[in-house]
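Fold and geometry: a report
Chain residues, written in single-letter form:
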Amino acid sequence: MNRARHIAIIMDGNGRWAVQRGMQRIRGHERGAEVVREITTYCAQHPEVEVLTLYAFSTENWKRPKVEVDFLMRLLDRWLAQELPTYQREGVRFEVIGDLSKFSPQLQERIAMTREKTQHNDRLTQVLALNYGGRDEIVRACRKACQAGVELDETNFEAFLDANLGDVDMLIRTGGEQRISNFLLWRAAYAELFFTKTLWPDFTPEELAQMIAAFKGRERRFGAI
Ligand code: FPP
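The following paragraphs examine the structure supplied in this document. (Residues numbered from 1 in each chain as written. Predicted model: local features only at pLDDT ≥ 70, side-chain atom pairs only at ≥ 80, totals over all residues. Heavy atoms only, no water.)

With respect to the secondary-structure elements, F195 resides in strand β6 (residues 192-195). Those residues in contact with F195 that sit more than four places away from it in its chain are R173, E177, Q178 and R179. (Helix = DSSP H or I, 4+ residues; strand = E, 2+ residues; numbered from the N terminus. Contact = heavy atoms within 4.5 Å.)

Right, let's get into the pairing of strand β5 (residues 170-173). For a regular strand, the rule is simple: side chains alternate between the two faces of the sheet. Residues of β5 alternate between two faces, with M170 and I172 on one and L171 and R173 on the opposite face, all of them buried. By the bridge criterion, 4 bridges tie strand β1 (residues 6-10) to β5 in an arrangement that is parallel. By the bridge assignment, I9 is partnered in β5 with I172. Direction of pairing for β5 relative to β6: parallel, over a ladder of 4 bridges. Residue pairing in the sheet places M170 in a bridge with E192 of β6. (Buried < 20%, exposed > 50% of the residue type's maximum accessible area, 1.4 Å probe, protein only. Pairing = 2+ DSSP bridges.)

Right, let's talk about a nonpolar patch on the surface for a bit. A contiguous nonpolar patch, built from I180, L185, L193 and F195 and spanning about 280 Å² of accessible area, is present on the exposed surface. Of the residues examined, F195 reaches a relative accessible area of 33% and is grouped as partly exposed. (Patch = residues over 30% accessible without salt bridge, like charges linked within 9 Å, V, L, I, M, F, W, Y side chains within 5 Å. Areas by Shrake-Rupley, 256 points an atom, 1.4 Å probe, with all protein chains shown as cover. Salt bridge = Lys/Arg side-chain N within 4 Å of Asp/Glu carboxyl O.)

What follows covers the nonpolar core. Of all hydrophobic cores here, the largest spans 43 residues; its most connected members are I7, I9, I39, M170 and I172. Residue contributions to this core peak at 10 residues, all from helix α3 (residues 66-90). Apart from residues no more than four positions distant in its own chain, I39 is found in contact with I9, L52, W200, F203, T204, P205 and L208. Core analysis: the next-biggest nonpolar cluster, separate from the first, contains 16 residues, I97, V168, L171 and F183 among them. (Core = buried A, V, L, I, M, F, W, Y, C linked by side-chain atoms within 4.5 Å.)

Close to the ligand lie 17 residues, the nearest being D12, G15, R16, R25 and R64. A distance of 2.9 Å is found between an oxygen atom of the ligand and a side-chain nitrogen or oxygen belonging to D12. At a separation of 3.3 Å, an oxygen atom of the ligand approaches a polar backbone atom of G13. Within the residue set of the shell around the ligand, elements represented by two or more residues are α1 (14-20), α2 (25-44) and α3. For the shell around the ligand, the per-class residue count stands at 8 nonpolar, 5 polar and 4 charged. (Near = heavy atom within 4 Å. Polar contact = N/O pair within 3.5 Å; in protein donor to acceptor, adjacent residues only side chain to side chain. Nonpolar A, V, L, I, M, F, W, Y, C, P; charged D, E, K, R; others polar.)

Considering the arrangement of structural elements, one finds E48 in the loop between α2 and β2 (51-58). Reaching out from E48, the side chain makes a polar contact with the side chain of K216 at a distance of 2.8 Å. Once residues within four sequence positions are removed from consideration, E48 is found in contact with N2, R3, A4, R5, I212 and K216.

Coordinates in, geometry out; function isn't part of it.
See below:
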């Protein structure tokens, strides 16, 4: 039986959700952050899920209007501060992937503190992909290996990526688009793909449960016959 050990989600559709309701796009991100909590709590209580990786800010998202980028940065900072009790209650270890060097010292400090305070939690690892791009992560991994004088192969490569998370089992994208958008390129090599038209602020644990049930019925051959 397939096991959904590592679930990765491209959380798309916040802006459209807000615009459809006559609200500013940033309100969609606010609602989206609440959904992050609901889905994380569901995964923490689902014994088979060990890792939940969420695409929160891509290397391309800097191209958005400055007010939206600034809002997302503040939201993240505020959200991490207020989520700590949820992480501790639900046994969630917080992890990040991506190049954090472009974030403000305050946000970097908040991220480091949240990682440190949750490092012993062991029911779920929640990974936020921040200033993340799959190609960027691979290039940085190759550089690290070169600097360490290590000859890369398929078995030692992951050790040079931003975090040791293992392969993705289910890659979900909300919001109706059907593409990977530079997410987890190395780890998603054999991921089962799920696309839904549901906008991220409307995504529910029930829909995730339906996807996990469908995943159980998929035949995963990993290249074999
Ligand atoms: C995509 O929707 C979403 C993002 C670029 C950011 C994701 C952020 C959140 C879910 C909220 C903040 C998260 C945390 C962890 C605090 P979009 O804006 O591209 O939507 P659209 O395609 O409808 O325009």
